[in-house]
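For reference, the chains in residue letters:
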Amino acid sequence: MLAGALDQAAPALEIKGIHKNFENFSALRDIDLTVRQGEMLCFLGPSGCGKTTLLRIIAGLETQTSGSIVQSGRDISWLPASERDYGIVFQSYALFPNLTIAENVAYGLVNGKMRKAEIQARVAELLAMAGLPTAGGKYPSQLSGGQQQRVALARALATNPGLLLLDEPLSALDATVRVRLRAEIRRLQKQVGITTIMVTHDQEEALSMSDRIVVMNHGVIEQVGTPMEIYERPASPFVANFVGKVNVLRGQALGGKRFRVGKMEIECEASEGSFRLGEDVSLYLRPEDRVAEHLEAGTPYRLGVLVNKVEFLGGLCIAEVSAEALGGQSLGLHFSLNQMHDLGICEGRRIDIALRASRIRVFSTGRDQA
Ligand code: ATP
């Protein structure tokens, strides 16, 4: 194999058995993770789950209590931050207010061996890449929040680091700018091909931007997977609840992959655990996992439901329905506005639907209450 090909295969970062205690508080436990070359990875989880602490340990801004970090084959566990190979962007743009945009971007280059003309060319290239080709002479206060964050990104990429770390880079921006910048960051990341780790608590951000997502909760990793894997095959009730909307139906195990919910017997092909006969289980069903058109007498898992409430969100509507067949349990179901019209869905109306049982995930009820 060629040396280049070997380099390609080496992981960008290996996080091995990281623990972090703040005095008696355990902020991270047993963190093992391999980050692939060139991928965009998101640490996703609720406030306090430890994602920023993990990012800061990778950056050398915080020390781990135990465990190691290897970057491109080199153990960097105890290397000071200044000697590590990464660029970082924080939530607050952290630009130097008294320096021009060009000087901000050039900041990491001026102490290196580059000549002035080379620095100017590199800064121009970075500003063009960040979509701000004419902003070099301005000061940070003359730019919008979104523009300042693009500059912060250009500055982080200036020295061609091996790793880009993004700590909630979009959370200080308003919703429209955030959505635009999401796509912009992803485009830049792909263009440069730089391995990137982003911390976010925003599931939409993680789903739309990542190659893989690391879902964290209470200092541990709950699941690592592609956005689709995380959404379609959540490994735990926490992941199912935290990423996307989900309905939880209570039922009992009947053996194998069969479960009883109210009066219905449901075979859930996607259930993975083994359950005791009669064990209380929770069945997780996404709001879109229903069929409402072209139903026939023999359509599996067909049931009549009463529409209790309709929430109109524009092109998408949420119908809250309850079903006698499910023992009176409620479900929130998504319908497009056109489906709402075509099927005549409105409050107080009875309609027929069928559950997509093959998509249901089943967990022991004890687990989702833990
Ligand atoms: P957020 O999105 O709110 O920043 P997070 O998932 O990034 O949350 P961390 O900032 O990593 O969470 O914090 C994880 C836990 O460790 C929290 O309970 C926090 O209070 C605690 N913690 C973080 N830094 C310190 C510190 N320097 N001293 C004591 N406890 C800390």
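All values derive from a computational prediction rather than experimental measurement.

1. Examining the sheet that holds strand 12 (residues 258-261)
Consideration 1: On the basis of which strands lie adjacent, the open sheet formed by five strands has the order 13-12-11-14-20 and antiparallel pairing. Of all strands in the sheet, those bounded by a partner on one side alone are strand 13 (264-267) and strand 20 (361-364). Put simply, the sheet's adjacent strands are angled 40 degrees from each other on average, direction ignored.
Consideration 2: With four bridges joining them, strand 12 and strand 13 adopt antiparallel strand pairing. What sits directly across from phenylalanine 259, in strand 13, is isoleucine 266.

2. Re the pairing of strand 9 (residues 212-217)
Consideration 1: As paired strands, strand 3 (residues 40-44) and strand 9 are joined by four bridges and run parallel to one another. Within strand 9, the position partnered with leucine 41 by the bridge is arginine 212.
Consideration 2: Here strand 9 runs beside strand 10 (residues 220-225); their pairing, made up of five bridges, is antiparallel. Within the sheet, the bridge partner assigned to asparagine 217 lies in strand 10 and is valine 220.
Consideration 3: The hairpin formed by strand 9 and strand 10 contains two residues between the paired strands, and histidine 218 there has a positive phi angle of roughly 45 degrees.

3. What about the site of the ligand?
Consideration 1: The environment of the ligand is made up of Phe22, Phe25, Ala27, Gly45, Ser47, Gly48, Cys49, Gly50, Lys51, Thr52, Thr53 and His201.
Consideration 2: Within the residue set of the shell around the ligand, elements represented by two or more residues are strand 2 (25-35) and helix 2 (51-59).
Consideration 3: Considered class by class, the residues forming the shell around the ligand number four nonpolar, seven polar and one charged.

4. Notes on the nonpolar core
Consideration 1: Judged by nonpolar contacts, the single largest core of 93 residues is most densely connected at Val105, Val214 and Leu283.
Consideration 2: The leading source of residues in this core is helix 5 (residues 145-157), at six residues.
Consideration 3: No fewer than three residues from each of domain 1 (3-239) and domain 2 (245-293 + 300-368) sit in this core.
Consideration 4: The residues touching valine 105, leaving out its near neighbours within four places in the chain, are Val123, Leu126, Leu127, Val151, Ala154, Arg155 and Ala158.

5. Let's talk about the confidence of the model for the chain
Consideration 1: Averaged over every residue, the pLDDT of the chain is 92; the share at 70 or more is 96%.
Consideration 2: Low pLDDT (under 50) marks residues 1-7, which in the prediction has one contact with non-local residues, meaning those over four places away or in another chain.
Consideration 3: Scored by ipTM, the complex comes to 0.96, with pTM at 0.91.

6. Here we look at the sheet that holds strand 5 (residues 74-75)
Consideration 1: As summarised here, the arrangement of the four strands in space is 2-1-4-5, forming an open sheet in which the pairing is antiparallel. Edge positions in the open sheet fall to strand 2 and strand 5, since each of these has one partner strand only.
Consideration 2: Note that strand 1 (residues 13-22) and strand 2 share seven bridges and pair antiparallel. Looking across to strand 2, one finds that glutamate 14 is bridged to threonine 34.

Cut-offs applied
Residues numbered from 1 in each chain as written. Predicted model: local features only at pLDDT ≥ 70, side-chain atom pairs only at ≥ 80, totals over all residues. Pairing = 2+ DSSP bridges. Helix = DSSP H or I, 4+ residues; strand = E, 2+ residues; numbered from the N terminus. Axes fitted to C-alpha atoms, helices over the stretch in contact; angles between N-to-C directions. Near = placed C-beta within 6 Å. Nonpolar A, V, L, I, M, F, W, Y, C, P; charged D, E, K, R; others polar. Core = buried A, V, L, I, M, F, W, Y, C linked by C-beta atoms within 7 Å. Buried ≥ 20, exposed ≤ 12 C-beta atoms within 10 Å, placed from the backbone. Domains from an automatic or database assignment. Contact = placed C-beta atoms within 7 Å. pLDDT = per-residue confidence, 0-100.

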